[in-house]
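Given next are the chains, with one letter for each unit.
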Amino acid sequence: MSQTLQAVRGMNDILPDEAEFWETFEEIVRSWLKSYGYRPIRLPIVEPTPLFKRAIGEVTDIVEKEMYSFIDSLNGEALTLRPEGTAGCVRAAIQHSLVAQQPRRLYYTGPMFRHERPQKGRYRQFHQVGVEALGFAGPDIDAEMILMGARLWADLGLDGIELQLNSLGQPDERAQHRAALVSYFEEHADILDEDARRRLYTNPLRILDSKNPTLQAMCAGAPKLIDHLGTDSLNHFEGVQRVLRDAGIPFTINPRLVRGLDYYNLTVFEWVTDRLGAQGTVCAGGRFDGLVGQLGGKATPACGFAMGVERLVALIRESGGEPAAPAPDVYVVHQGDDATRLAFRVAEGLRNNGIDVLLHCGGGSFKAQMKKADASGATFAVVIGDDEAATGEAQLKVLREEGVEQRKLKVDELADAIIGQLIDSDEEE
Ligand code: ATP
Ligand code: MG
């Protein structure tokens, strides 16, 4: 016997019940994006490896250890399954001169790939909805992106998602802060542990995350990035906060929020829930004014965010959200050659009228077919036997409602009768 094959670890099948839930989610997301003027862009899943190295940064976790990279065996090209969408989106915008004339509001959805340790809320193939505004310099677009998030949580019936905000300033301000940090740590060299000494010149920011209590006390007094921000950066940050306060959106300024990708500057933000365990960030983003230039385009300010679909879907379920069980309007039951031919005609005719129809396939007794009709959740069964076929008629039966007689109707009258009754029952609700 041959061995059964399994999906790659950390890469999930999304089965019909779940996939329908996703489709409902995606419909809400699409209409939300449209209401803010965002337009779709569809991008390749595979990109040249150097794109991610240049965009995300050589010394980030993603590039150092999470990318699915390979050499195209046919032409030797270095390729990577995209670990995120911003790099490809910016690459496409440059390649097709999308931002030459006007700013753009763009979004994409789809799978991303990162070689991480799979666990709840963290997968190797996961899905993002990514939103990018290219060509906008002011804090207004940053703020609007945050307002968008708040509206989506409301549209999805979610609460308790908290906003964390920070400003990373500009690269020169970060360099000054880093220098100040290094000299501060040098002054306290006597209490640095081995780890901290190793990081002192390679990545002093990481010392701030130390779990060593002696170091933590010392770190509390370390220079803060916010004190190295110039007037422009501070004004930008204040501009974002003003819109949020006006809109009544609560937020916490988290000086530790730095993001794992090198391309961010000024505003960064994350939306976090405590209901998903350790993987609580459902949406993250910020400004990346340097990226278009860094990838060879004309310097263009930009801002964006991405949300994790698996985490949001899990949160909707966690909050008790259930998808409306998708059911056909009509299940067509039929037996006998003439009846089957008429059943096909009836089913297509009903669909022409916008009615969702499941035509029974696979034969079986009337009784067995009626069981399937009940199980389908359909509102009506249309039943056609050879007697009905002979007179061009069908029985219309209301399912899951006791005491309602079934009616015999001419097949041409079915659509009107069904639509009429569907409207009536909608009004009663
Ligand atoms: P994390 O800190 O959770 O690793 P990140 O900072 O690496 O997240 P981003 O690159 O900003 O994540 O991606 C945006 C969003 O995509 C995250 O907030 C999260 O919701 C989702 N996401 C990221 N990595 C994964 C993954 N491996 N599995 C599922 N969702 C993910
Ligand atoms: Mg990560």
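Structure first, text after, so check above.
All of the points below concern the structure found in this document.

The rules behind these values
Residues numbered from 1 in each chain as written. Chains lettered and ligands numbered in written order. Predicted model: local features only at pLDDT ≥ 70, side-chain atom pairs only at ≥ 80, totals over all residues. Heavy atoms only, no water. Near = heavy atom within 4 Å. Polar contact = N/O pair within 3.5 Å; in protein donor to acceptor, adjacent residues only side chain to side chain. Areas by Shrake-Rupley, 256 points an atom, 1.4 Å probe, with all protein chains shown as cover. Helix = DSSP H or I, 4+ residues; strand = E, 2+ residues; numbered from the N terminus. Nonpolar A, V, L, I, M, F, W, Y, C, P; charged D, E, K, R; others polar. Core = buried A, V, L, I, M, F, W, Y, C linked by side-chain atoms within 4.5 Å. Buried < 20%, exposed > 50% of the residue type's maximum accessible area, 1.4 Å probe, protein only. Contact = heavy atoms within 4.5 Å. Pairing = 2+ DSSP bridges. Axes fitted to C-alpha atoms, helices over the stretch in contact; angles between N-to-C directions. Phe/Tyr/Trp six-rings, centres within 6.5 Å; stacked < 30°, edge-to-face > 60°. 1 Å grid on protein atoms, 1.4 Å probe; cavity = no way out; pocket = protein on both sides within 12 Å on 5 of 7 lines; lining within 4 Å. Points joined across faces, edges and corners; volume = space filled by probe spheres on them. Expected span 1.5 Å × (residues − 1). Arc of directions from axis to C-beta.

### Re the site of ligand 1
And step 1. Among the 16 residues in the neighbourhood of ligand 1, the closest are listed as Arg-114, Glu-116, Arg-122, Arg-259 and Thr-281.
And step 2. The side chain of Gln-128 places a nitrogen or oxygen atom 3.0 Å from an oxygen atom of ligand 1.
And step 3. Here ligand 1, which alone exposes 590 Å², has 86% of that area covered by the protein.
And step 4. A per-element tally of the shell around ligand 1 places strand β10 (residues 281-287) first, with 4 residues.
And step 5. In terms of residue class, the shell around ligand 1 is built from 7 nonpolar, 4 polar and 5 charged.

### Thoughts on the nonpolar core
The nonpolar side chains of soluble globular proteins are, as a tendency, buried together.
And step 1. Ranked by internal contacts, the top residues of the largest apolar core, which has 42 residues, are Tyr-38, Trp-153, Trp-271 and Met-307.
And step 2. Sort the elements by how many residues they give to this core and helix α5 (residues 139-155) lands first, with 7 residues.
And step 3. Not counting residues up to four positions away in its chain, the partners in contact with Met-307 are Val-29, Trp-32, His-127, Gln-128, Val-129, Leu-152, Trp-153, Val-282, Cys-283 and Leu-312.
And step 4. Among the nonpolar cores identified, the runner-up in size contains 31 residues, and Leu-134, Tyr-263, Val-268 and Leu-295 belong to it.

### Quick notes on unusual backbone geometry
And step 1. Phi is positive for Ser-97, which is not a glycine, with a value near 50°.
And step 2. Relative to the helices and strands, Ser-97 resides in the loop between α4 (86-95) and β5 (104-113).
And step 3. We note that Leu-266 has phi near 45°; this positive angle belongs to a residue other than glycine.
And step 4. Locating Leu-266 in the fold gives a position in strand β9 (residues 265-272).
And step 5. Assessed through its relative accessible area of 5%, Leu-266 is described here as buried.

### A short note on the sheet that holds strand β3 (residues 68-71)
Working definition: the strands of a sheet are paired by backbone hydrogen bonds and lie parallel or antiparallel to each other.
And step 1. Overall, antiparallel pairing links the 3 strands, which are arranged β2-β4-β3 in an open sheet. Two strands lie at the open edges of the sheet, namely β2 (46-48) and β3, each paired on one side alone. Averaged over neighbouring strand pairs, the angle between their axes works out to 35° when direction is ignored.
And step 2. Of the strands in this sheet, β2, β3 and β4 (78-81) touch helix α2 (residues 49-56), which is tilted by about 75° from β2.

### Side note on the packing of aromatic side chains
And step 1. All chains considered together, the criterion is met by 6 aromatic pairs.
And step 2. Plain terms: the ring middles of Trp-153 and Trp-271 are 5.7 Å apart, the flat faces sit at 80° to each other, and that makes the pair edge-to-face. Note that Trp-153 is positioned in helix α5 and Trp-271 in strand β9, a separation of 118 residues in sequence. This pair shows no difference in class: Trp-153 is buried, exactly as Trp-271 is.
And step 3. The rings of Trp-32, Phe-269 and Phe-305 are connected pair by pair, giving a single aromatic cluster.

### A closer look at empty space enclosed by the protein
And step 1. Tallied over the full model, the rule gives 2 cavities of 30 Å³ or more.
And step 2. In this model, the largest cavity occupies a volume close to 40 Å³.
And step 3. As for the largest cavity, its lining consists of Glu-26, Val-29, Arg-30, Leu-33, Tyr-107, Thr-109 and Val-129.
And step 4. Ranked by residue count, the leading element in the lining of the largest cavity is helix α1 (residues 16-35), at 4 residues.
And step 5. As for the second largest cavity, its lining consists of Leu-43, Pro-44, Glu-47, Phe-52, Arg-82, Glu-84, Gly-85, Gly-88 and Cys-89.
And step 6. The residue makeup of the lining of the second largest cavity, split by class, is 4 nonpolar, 2 polar and 3 charged.

### Quick look at helix α12 (residues 337-352)
In an α-helix there are 3.6 residues to a turn, and that puts residues three or four apart on one side.
And step 1. With 16 residues, α12 should reach 22 Å at 1.5 Å per residue; the first-to-last C-alpha distance of 23 Å fits that figure.
And step 2. Those residues of α12 that fall on the buried side of the exposure criterion are Ala-339, Leu-342, Ala-343, Val-346, Ala-347 and Leu-350. Down the axis of α12, the buried set is contained in an arc of 145°. They therefore lie on one face. The exposed residues of α12 that point more than 90 degrees off its buried face are Asp-337, Arg-341, Arg-345 and Asn-352.

Limitation: the analysis is restricted to geometry and does not speak to function.
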